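Each chain is listed here by its residues.
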Amino acid sequence: MTQAPATIFLVDDDASVLRGLGRLLRAAGHDTRPFASPAEFLAQVSGDTPGCAVLDLRMPGLNGLELQQAMESRGCHLPVIFISGHGDVPASVRAMKAGAVDFLLKPFDEEQLLGAITQALLKDAAARADRAQTASLRARHEALTSREREVCALVAQGLTNKEIAQRLGTTEKTIKVHRARVIQKLEVDSVAELVRFVDRLAPGGGPHGA
């Protein structure tokens, strides 16, 4: 499946800044979408489109940090780059702790912004690939029957077929059949791979959570 081209979402209440950033980024080959306020951005952007967001720190209504939090609470995981005309060290620290890619002070070097955007787009692509892989794993796991899921969980805990049969009140032969079906449906080649599969689907599993 071909991924849509990346878009740089620009949020700043200063129209001249939006125009300047738009010209710079389009000249560098990027698609952009400008927004004059956080409310306008939140009303129109879901995060489904690949890309990143360049946010001004100080804006009427929601400020940049509050917008970053609102995006996260709505499941919009676009990487964020902050720009600010104020040397606000505490704000920059909070922004970076909250996962911002960079915090640039105006006037910033064009190459600084373009470099930060490159990092943000790489981060976004990696996160989207990770979420797609996790969704694929979850779909395979959901294809298991309830008994196969029980067997899968116990195999992942390191129990032998005999121990699983005793735990579930059935025969070792039956467990061997279930285990083979689990391996086939999950498309794994070993118990070690099955364990990694189950760990990935556990809450907090994987690099970006499951």
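Per-chain numbering applies: the sequence of each chain, read as written, is numbered from 1 onward. In keeping with the model being predicted, local features are shown solely for residues with a pLDDT of at least 70 and side-chain atom pairs are shown and tallied solely at 80 or more, while totals for entire chains, interfaces and linings include all residues. Processing note: side-chain calculations cover all non-hydrogen atoms of the structure and skip hydrogens and water entirely.

1. Examining the confidence of the model for the protein
Then step 1. On average, the protein scores 89 in pLDDT, and the residues at 70 or more come to 95%.
Then step 2. Mean pLDDT values for the elements of the protein range from 78 in helix α4 (residues 89-97) up to 97 in strand β1 (residues 7-11). Per-residue confidence from the predictor is reported as pLDDT, which spans 0 to 100. Counting from the N terminus, the helices are DSSP H or I runs at least four residues long and the strands are E runs at least two residues long.

2. Considerations on the environment of Ala28
Then step 1. As for its placement among the helices and strands, Ala28 is situated in the loop between α1 (15-27) and β2 (31-35).
Then step 2. Counting along the chain gives 86 residues from Ala28 to Leu114, while the straight-line C-alpha distance between them is 8.1 Å.

3. What about the packing of helix α6 (residues 146-156) against helix α8 (residues 172-186)?
Then step 1. Lines fitted to the C-alpha atoms define the axes, with helices restricted to the stretch that makes contact. Angles between their N-to-C directions range from 0 to 180 degrees. Remark: α6 packs on α8, axes separated minimally by 9 Å, with the N-to-C direction vectors making an angle of 90 degrees. What the angle tells us is that α6 and α8 run roughly perpendicular. Every residue of α8 that contacts α6 at Arg147, Glu148, Val151, Cys152 and Val155 is listed here: Ile175, His178, Arg179, Arg181, Val182, Lys185 and Leu186.
Then step 2. Looking at the contact of α6 with α8 residue by residue, the class counts come to 6 nonpolar, 1 polar and 5 charged. Note that the term roughly parallel is reserved for angles under 35 degrees, roughly antiparallel for angles over 145, roughly perpendicular for angles of 65 to 115, and oblique for everything else. Contacts were defined at the residue level, with two residues in contact if any of their heavy atoms lie within 4.5 Å. All amino acids are sorted into three groups, where Ala, Val, Leu, Ile, Met, Phe, Trp, Tyr, Cys and Pro are nonpolar, Asp, Glu, Lys and Arg are charged, and the leftover types, Gly among them, are polar.

4. Some points on α4
Then step 1. Burial status follows relative accessibility: with a 1.4 Å probe on protein chains alone, a residue under 20% of its type maximum counts as buried, one over 50% as exposed, and anything between as partly exposed. For α4, the set of buried residues is Ala91, Ser92 and Ala95. In a view along the axis of α4, the buried residues occupy a sector of 100 degrees, so they form one face of it. Seen from the open side of α4, the exposed residues pointing more than 90 degrees away from its buried face are Val89 and Lys97.
Then step 2. Those residues of α4 that are buried lie in contact with α3 (64-73), β4 (80-84) and β5 (102-105). Within this analysis, the arc is defined by the directions that extend from the helix axis to the C-beta atoms.

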